[in-house]
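Listed here are the chains, written in short residue letters.
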Amino acid sequence: MKLINKIKGVFLIILGAAWIAFVYNFYTFRLEPPSLISKVVLGFILGAIMMINGMRIYRRK
């Protein structure tokens, strides 16, 4: 059971980091005024939540 938790944790950490990178790059490369700031902030918050949950699951006994 420990190995499954470690795999899930690493998967969530990678997924959260990829989500943050995707959101950052998507809105950086679009040459529009930053009118969608709330969506960018929401994307960063969701990515951070995924990474934190991944760390919690990874450390689970």
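Quick note: structure is the one above.
Calculation notes
Residues numbered from 1 in each chain as written. Predicted model: local features only at pLDDT ≥ 70, side-chain atom pairs only at ≥ 80, totals over all residues. Heavy atoms only, no water. Helix = DSSP H or I, 4+ residues; strand = E, 2+ residues; numbered from the N terminus. Buried < 20%, exposed > 50% of the residue type's maximum accessible area, 1.4 Å probe, protein only. Contact = heavy atoms within 4.5 Å. Phe/Tyr/Trp six-rings, centres within 6.5 Å; stacked < 30°, edge-to-face > 60°.

## A word on the overall build of the chain
Here is step 1: Secondary structure assignment for the chain yields two helices and zero strands.
Here is step 2: Its C-alpha atoms give the chain principal-axis dimensions of about 50 × 15 × 10 Å.
Here is step 3: When burial is assessed residue by residue, the chain has 15% of its 61 residues classed as buried.
Here is step 4: Put simply, of all contacts in the chain between residues at least 6 apart along the chain, 84% involve residues at least 24 apart.

## Some remarks on the packing of aromatic side chains
Here is step 1: Inspection of every chain in the model, using the stated rule, returns one aromatic pair.
Here is step 2: Considering the side-chain rings of tryptophan 19 and phenylalanine 22, the 5.8 Å spacing of their centres and the 40° angle between planes classify their relative orientation as tilted. Here tryptophan 19 pairs with phenylalanine 22, and both are found in helix H1 (residues 2–29), just three residues apart, close to one helical turn.

## Some remarks on the side chain of asparagine 5
Here is step 1: Position of asparagine 5 relative to the elements: it lies in helix H1.
Here is step 2: What asparagine 5 contacts, discounting residues up to four positions off in sequence, is Ile57, Tyr58, Arg60 and Lys61.

Everything listed here is a matter of geometry and, on its own, says nothing about what the molecule does.
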